[in-house]
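Now for the letters of each chain:
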Protein chains: 2
Amino acid sequence: MFTYQTSLQWNGGSQGTVAAAGRPDLTITSPSEFGGRDDAWNPELMLVAAVESCLLLTALSVAARQKLTLAGYASQATGHMEKTPEGLRFTGIEVAVQLKVNSPADAEKAQKLMAIAEKYCPVSNAVKCPVRVTCEVEGK
Amino acid sequence: MFTYQTSLQWNGGSQGTVAAAGRPDLTITSPSEFGGRDDAWNPELMLVAAVESCLLLTALSVAARQKLTLAGYASQATGHMEKTPEGLRFTGIEVAVQLKVNSPADAEKAQKLMAIAEKYCPVSNAVKCPVRVTCEVEGK
C-alpha cells in the first residue's frame, strides 16, 4: 500500500494553498469561469495534469523495461467538463503524445508504448471518464 | 462545455515540466518509491490535491448559495494506491475537513455542507475509487 498525503488551507475568497511535504506549496483557485483567476492552478487543470504526467512516467517505466531508448517525449492534454443534471462532470480527457526515438526498430516499439502505458497508468485508471491517448512517433 | 488544457515536456530521467497557460510551471517526478524524488510534485499527489482542492472550492460555492459564512476551512487528504493483478490502482481517497463558523446556527448548516459539496464536486465525481469526506465544525 502506498499513501499520498496533501493538506490544504483556505486563504479567503476562492483561493487556497495546497501543500505536500517537501514540495513547493501551490496556490489554487477556481477556474475564472467559476469566479476564480487564470494565473493560478485550479483543481480541474490539476486533474488533467495528473493524468498527463502519470502517462509520461508510466511510459518511461515501460520503455525502460523494454530497453526502448526515448530521445524525446512531449504531450498536450485537454479535459472536458460539462453541465449535467447531476452537476458538472468530466466527460473525457484527451492526451496527444509526441515521441522521439533514434532508430526505425525503436520507432516500431514506440508505436505500441502508449497503449501499454495507458493500461498500467494508475492515474488514468483512477478516472471514470474516457482517457483517449494518441501518439506520434518521430524516428530516425 | 468547459475545457482545461495542460502541456508536458519530458526533461530526461524521471522528471518533466507541466504547464498551463498563465500558471507557474510545475516540475513533476515519479514518487521516490518508484525511482523519483520527494522534493517535487508527483501525479499521485496531484490527483489527491485536485480532489482536496475541488472539495474546498465546491464547498465555498455551496456555502455562498446557502448564505453560510465560513470563518475557516482546512483539510488533510490521503490517497491510497495498491498493487493489484491489473497493476497499481487507487483504492480510496480520504479527506478530513475542519470548518470554522461564527454562530451555532451556522454550525448546524456547516455540518451538512461537506455532504452537499461532495455530491457536486466535479473532481471527486471524476475518480473511480471511494472518496470519504469527514468534517469537524468549530462554532462559536
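Bear in mind the structure is a predicted one, so any value in this text is a computation, not a measurement.

### Topic: the interface of chain B and chain A
Many structure descriptions define interface size as the accessible area lost when the parts assemble. Listed by partner, the interface residues are 74 residues for chain B and 74 residues for chain A. For the pair chain B and chain A, the summed buried area comes to about 6500 Å², and 66% of that belongs to carbon and sulfur atoms. Its largest share of buried area at the contact with chain A, chain B owes to B:Phe2, B:Tyr4 and B:Trp10, together 14% of the area lost on that side. Where chain B packs against chain A, one counts two salt bridges. Across the pair B:Asp38 and A:Arg23 runs a salt bridge whose closest N-O atoms are separated by 3.3 Å. For the pair chain B and chain A, the number of links is 30 residue pairs in polar contact (both at pLDDT 80 or more). Within the residue set of the side of chain B that touches chain A, elements represented by two or more residues are strand E1 (2–10), strand E2 (15–19), strand E3 (26–29), helix H1 (43–65), strand E4 (70–84), strand E5 (87–101) and helix H2 (104–120) of chain B. Here the side of chain B that touches chain A is built from residues that sort into 40 nonpolar, 21 polar and 13 charged. Two strands pair when backbone bridges link them, and strand E4 (residues 70–84) of chain A and E1(B) are joined in this way by eight bridges, in the antiparallel orientation. When the sheet's bridge partners are listed, A:Ala74 is paired in E1(B) with B:Gln9.

### Regarding the sheet that holds strand E3 (residues 26–29) of chain A
Taken in spatial order, the six strands of this open sheet run E3(A)-E2(A)-E1(A)-E4(B)-E5(B)-E6(B), and their pairing is mixed. In this open sheet, the two strands that pair with only one neighbour each are E3 of chain A together with strand E6 (131–138) of chain B. Going from strand to strand, the sheet's axes swing by 20° on average, the running direction of each strand aside.

### Here we look at H1(B)
Residue and element names in this part refer to chain B. Relative to the 33 Å expected for 23 residues at 1.5 Å per residue, H1 spans 33 Å between its end C-alpha atoms, a close match to the ideal helical length. Here H1 lies mainly inside the structure; 20 of its 23 residues are buried. Residue Asn-42 occupies the N-cap position of H1, its side-chain oxygen lying 3.2 Å from the main-chain nitrogen of Glu-44. Trailing H1 by a residue or two, Lys-67 shows a phi angle of about 55°, which is positive.

### Comments concerning the relation of the copies chain B and chain A
The transform that puts chain B on chain A rotates by 180° and translates by 0.0 Å along the axis, for an RMSD of 0.0 Å. Both copies are brought into coincidence by an operation consistent with a two-fold rotation axis. Proximity to the rotation axis, assessed at the C-alpha, singles out B:Val127 in chain B; its C-alpha lies 2.2 Å from the axis. The fraction of interface residues of chain B whose copies in chain A are also interface residues reaches 100%, indicating that both copies meet through the same surface.

### A look at the side chain of A:Ser53
The residue A:Ser53 is located in helix H1 (residues 43–65) in this model. According to the relative accessible area criterion, A:Ser53 is buried, its value standing at 0%. At a separation of 3.5 Å, a polar atom in the side chain of A:Ser53 contacts the main-chain carbonyl oxygen of A:Ala50. Filtering out sequence-adjacent residues up to four positions away, A:Ser53 remains in contact with B:Leu8, B:Ile28, B:Pro43 and B:Met46.

### Re the packing of H1(A) against helix H2 (residues 104–120) of chain A
Residue and element names in this part refer to chain A. Remark: H1 packs on H2, axes separated minimally by 8 Å, with the N-to-C direction vectors making an angle of 115°. Relative to H2, H1 is oriented so that their crossing is right-handed. Contact residues: H1 offers Leu-55, Thr-58, Ala-59, Val-62 and Ala-63, while H2 offers Leu-113, Met-114, Ile-116, Ala-117, Glu-118 and Tyr-120.

Reading the values: rules and limits
Residues numbered from 1 in each chain as written. Chains lettered and ligands numbered in written order. Predicted model: local features only at pLDDT ≥ 70, side-chain atom pairs only at ≥ 80, totals over all residues. Heavy atoms only, no water. Contact = heavy atoms within 4.5 Å. Buried area = accessible area lost by both parts, 1.4 Å probe. Salt bridge = Lys/Arg side-chain N within 4 Å of Asp/Glu carboxyl O. Polar contact = N/O pair within 3.5 Å; in protein donor to acceptor, adjacent residues only side chain to side chain. Helix = DSSP H or I, 4+ residues; strand = E, 2+ residues; numbered from the N terminus. Nonpolar A, V, L, I, M, F, W, Y, C, P; charged D, E, K, R; others polar. Pairing = 2+ DSSP bridges. Axes fitted to C-alpha atoms, helices over the stretch in contact; angles between N-to-C directions. Expected span 1.5 Å × (residues − 1). Buried < 20%, exposed > 50% of the residue type's maximum accessible area, 1.4 Å probe, protein only. Least-squares fit on C-alpha atoms with pLDDT ≥ 70 in both. Left-handed = near helix turned anticlockwise from the far one by under 90°.

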